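Report on the structure
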Amino acid sequence: FSEVITARKQAEHRLQESEKRLRLTLETTSDGFWIVGADRKFQDVNPAYCVMTGYTREEFLNMYIQDVDALENLAETEARVRKVLAKGWDRFETKHRRKDGSVFDAEVSVNLLDRESGQMICFLRDISERKQAEAELRESKDQFVAAFYSSPVSQSILSQQESEIMAVNDACCRLFGYRRDELVGAGAGKLNLWKNPDEQQSAVDELTRTGHLLPREVRTRVKSGDIRTIILAIEPISWMGLPCWISSNIDITERKLAEEALLESEAKYRTLINST
């Protein structure tokens, strides 16, 4: 009998130690934690959740989930609670209101502790900084897309893996004389854009070696068959989650023709002077 009592005492001691470790973890974690009853009233909160919201633990014990939920439609809150009661758990993103009235984004994981009493336990994390960073990234992407399509400089985006054209702007269509649907999905080799194979190989070699192509003068063939002289530069970017190249092309054909005409005129002038 004494052995049974000893075993029970040891089990109780282990349980107490386990509860102490759990309480210590909950008290020191940076994630918020709370327990609510079936009436949606807070039964316990940890210090991290108090810091997140600005309320004290004593204040929370007289509050309900609805007091901190910042969703415009509180029916959505109740629907989530019913889902936890039916399913046993749920995980979602929501918005919480601080004591000062400000709102923060939270990632929430809720589990049903006791189905009979409806007691629930929740862990939540403040993800405001992450959401802000995501919003800024989306805005940056939107600005890049707008700048890309409206740029007066001919630009195209090619996948690094397939060297396939994924996007072109209007200036690119005007330069090469192709419609957008004729360019997108095609490759430079298929369109036979390079006039000089040596120039193409040199560009490929530099891209392979350095990961980008510094501005260089090359000759390209447009849809009409005419040869144009352009300044070509290529840089790596991410497009639709894929590693790609963005190619920028500035048409300098007229400038080159003007330079050649000037050189020819100067040569004729020198010949004339020398023969006078």
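Look above for the structure.
Assignment of secondary structure puts Arg-255 in helix α11 (residues 253-275). Judged by relative accessible area, Arg-255 falls into the partly exposed class, the value being 46%. Along the chain, Arg-255 and Thr-229 lie 26 residues apart, while their C-alpha atoms are 9.2 Å from each other.

Counted according to the given criterion, the structure contains one cavity of 30 Å³ or more. In this structure, the largest cavity spans a volume of roughly 180 Å³. Lining the largest cavity are 15 residues; nearest its centre among them are Trp-34, Ile-65, Thr-77, Phe-92 and Val-110. Looking at the lining of the largest cavity, the elements with two or more residues in it are β1 (32-36), α5 (74-87), β3 (89-97), β4 (103-114) and β5 (119-126). Considering every element that reaches the lining of the largest cavity, the biggest residue donor is α5, with four residues. Taken together, the residues of the lining of the largest cavity break down into ten nonpolar, three polar and two charged.

Turning our eyes to something else, we now look at the sheet that holds strand β6 (residues 154-159). Judged by pairing direction, the sheet is antiparallel, and its five strands sit side by side in the order β7-β6-β10-β9-β8 without closing on themselves. In this open sheet, the two edge strands, each paired with only one partner strand, are β7 (165-168) and β8 (213-221). This sheet shows a mean twist of 30° between the axes of neighbouring strands, independent of strand direction. Bridge count for β6 against strand β10 (residues 242-251) is six bridges, and the pairing is antiparallel.

Here is what the cut-offs are and how they apply
- Residues numbered from 1 in each chain as written.
- Predicted model: local features only at pLDDT ≥ 70, side-chain atom pairs only at ≥ 80, totals over all residues.
- Heavy atoms only, no water.
- Helix = DSSP H or I, 4+ residues; strand = E, 2+ residues; numbered from the N terminus.
- Buried < 20%, exposed > 50% of the residue type's maximum accessible area, 1.4 Å probe, protein only.
- 1 Å grid on protein atoms, 1.4 Å probe; cavity = no way out; pocket = protein on both sides within 12 Å on 5 of 7 lines; lining within 4 Å.
- Points joined across faces, edges and corners; volume = space filled by probe spheres on them.
- Nonpolar A, V, L, I, M, F, W, Y, C, P; charged D, E, K, R; others polar.
- Pairing = 2+ DSSP bridges.
- Axes fitted to C-alpha atoms, helices over the stretch in contact; angles between N-to-C directions.

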